Amino acid sequence: MSILPIKPRFEPDKLKIYRYLNTRMSLTEKEIKYYHNLEKGYEGEVMFDRLMENLMEERHIINDLLLEENNTTFQSDSIIFSQDTIDLFEVKNYEGNFKYESGKFYTLSGNDIKNPLHQLERNETLLRQFLQSIGCYLPIEPHLIFMNPNFTLYQAPNNKPIIYPTQLGQFMEKFNMKRSKLTNKHIKFTDQLLSAHLIENPYKVLPSYRYEMLKKGMTCAKCHSFSISLEGKWIDCSICEYKELVEAAVMRCVREISLLFPDIKITANVVQDWCRVIECKRRLSRILSKNFAVKGYGKWTYYE
Ligand SMILES: [Zn+2]
C-alpha cells in the first residue's frame, strides 16, 4: 500500500507561463535557458514523486512547501514526516558530467554552478527554526537527491548527504525499513506547516510581454505546435497526430489566457481571437457557458 502526499505537487504556474511564452514569442537565450531549467527541474521532481510512491508505513509527504522564517522565504522540494524523523529533500535533475572541488560544483567545462548542498543546508536551518517555533523537535535528515541516470559527479565528497541515481533503490529500501506510526502530535505539526504555506507569486521575474506581442492561435496540447486543424468535434495536430476534443482544447485556451493575463475578462471575442481556429462564435459561446458562470448580458457577456 503506498502513501499519497498530503500536499501533492502541481505543475508550477511559472513553468506554464514560460511554456506558453516560449511558444508564442521569442525569448532571449537567457530566458530560454531559465525556462529549460524549470522544465527539467519539474521533470526531476515528478520522477522523485514516482519513486516516493513506493514508500510504506505511516508517513506524511509534503511537497513544494513555501515558508517564511526570519524574513526569508524558502521552498522545500519534499518533506516527509515519519515517526522519529523528518526527511528533507532537495531534488536535482542535473544531466551530464560535473566536478566537485574545494566545496564547489563545476560543470566539466569549468563553470561553477550554485552549490545545491548550500541550498539544502540553508533550507534545513530555516526549517529547523520554523519547526522549533511550533514546538517540534524531531531530528531533520537532509538529502540531496540527483534523479537523472545520466548524472556523474567527479571527485564526489563521501561525507555529504548526497544520493546518486545508482543509489536510489537502496535508499528507498533502507527508508522503508524504518517503522513509522504517526500520532496526533505529528498531525498537528503537519497541519501547522500546511497552514503556514505561502502562495508563490508566479508573475515575478518573467519576460515582459503584452497581449498584442503574442502569436495567436490554438496550439497542440501535446507538442505545442500551431499546426492544428478543426475536424468536427476534434482538433487534430498534423505534427504529432494528437487528437483533442474541441471543448477540452477551448478550455485549455481559456486557462492559458487567464494565467497569462489574470485581469482579462473572458469573453467569446477574446477566446475567438486567441484560438483563431473556431470561426463559429455561437459554438464558442456554447462551450463557454457550459463550463463557466455567465455574467453580463448580450454583447457584454463574459465568463467566470
Ligand atoms: Zn502535436
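Residues numbered from 1 in each chain as written. Predicted model: local features only at pLDDT ≥ 70, side-chain atom pairs only at ≥ 80, totals over all residues. Heavy atoms only, no water.

Caption draft 1: Quick look at unusual backbone geometry. The residue Glu 57 is not glycine, and still its phi comes out positive at about 70°. By the element assignment, Glu 57 lies in the loop between helix H2 (29-52) and strand E1 (60-69). Residues other than glycine seldom take positive phi values, yet Asn 71 does so here, at roughly 60°. Considering the arrangement of structural elements, one finds Asn 71 in the loop between E1 and strand E2 (72-81). Taking relative accessible area as the criterion, Asn 71 reaches 74% and is therefore assigned exposed. (Helix = DSSP H or I, 4+ residues; strand = E, 2+ residues; numbered from the N terminus. Buried < 20%, exposed > 50% of the residue type's maximum accessible area, 1.4 Å probe, protein only.)

Caption draft 2: The coordination of the zinc ion, seen in detail. Surrounding the zinc ion are the protein donor atoms Cys 220 (SG), Cys 223 (SG), Cys 237 (SG) and Cys 240 (SG), which sit 2.3 Å from the metal. Coordination at the zinc ion is tetrahedral: its four donor atoms span angles of 104 to 115° at the metal. Each donor residue of the zinc ion lies on one chain, and together they are spaced C-x2-C-x13-C-x2-C. Within this pair, whereas Cys 220 is found in the loop between helix H5 (184-195) and strand E10 (228-231), its partner Cys 237 is found in strand E11 (residues 234-237), the two being separated by 17 residues in sequence. Of the two residues, Cys 220 and Cys 237, both sit in the buried class. (Donors = N, O, S within 2.8 Å, 3.2 Å for Na, K, Ca; no water. Tetrahedral: all angles 85-135°; square planar, octahedral: opposite > 155°, others 65-115°.)

Caption draft 3: Representation of the packing of helix H7 (residues 268-275) against helix H8 (residues 281-291) within the structure. With their axes 10 Å apart at the nearest point, H7 and H8 run at an angle of 110° to one another. The angle between H7 and H8 places the two elements in the roughly perpendicular class. Every pair of crossing elements has a handedness; the one defined by H7 and H8 is right-handed. Facing Ala 268, Asn 269, Val 271 and Gln 272 of H7, the residues of H8 in contact are Lys 281, Leu 284, Ser 285 and Leu 288. Of the residues in the contact of H7 with H8, the class split is four nonpolar, three polar and one charged. (Axes fitted to C-alpha atoms, helices over the stretch in contact; angles between N-to-C directions. Parallel < 35°, antiparallel > 145°, perpendicular 65-115°, else oblique. Left-handed = near helix turned anticlockwise from the far one by under 90°. Contact = heavy atoms within 4.5 Å. Nonpolar A, V, L, I, M, F, W, Y, C, P; charged D, E, K, R; others polar.)

Caption draft 4: How the structure looks around the layout of surface pockets. Size it by volume and the largest pocket reaches roughly 2,100 Å³. Lining the largest pocket are 48 residues, and of these Tyr 34, Leu 38, Glu 45, Gln 75 and Gln 119 lie nearest its centre. Mapped onto the lining of the largest pocket, the elements with two or more residues apiece are helix H1 (13-24), H2, E1, E2, strand E3 (86-92) and helix H3 (116-133). For the lining of the largest pocket, the element with the most residues is H2, which contributes nine residues. Each residue belonging to the lining of the largest pocket can be placed in one class, and the counts come to 18 nonpolar, twelve polar and 18 charged. Here the second largest pocket is characterised by a volume of approximately 340 Å³. Along the wall of the second largest pocket there are 16 residues; nearest its centre are His 143, Ile 162, Ile 163, Phe 171 and Lys 174. (1 Å grid on protein atoms, 1.4 Å probe; cavity = no way out; pocket = protein on both sides within 12 Å on 5 of 7 lines; lining within 4 Å. Points joined across faces, edges and corners; volume = space filled by probe spheres on them.)

Just geometry here; none of it tells us what the structure is for.
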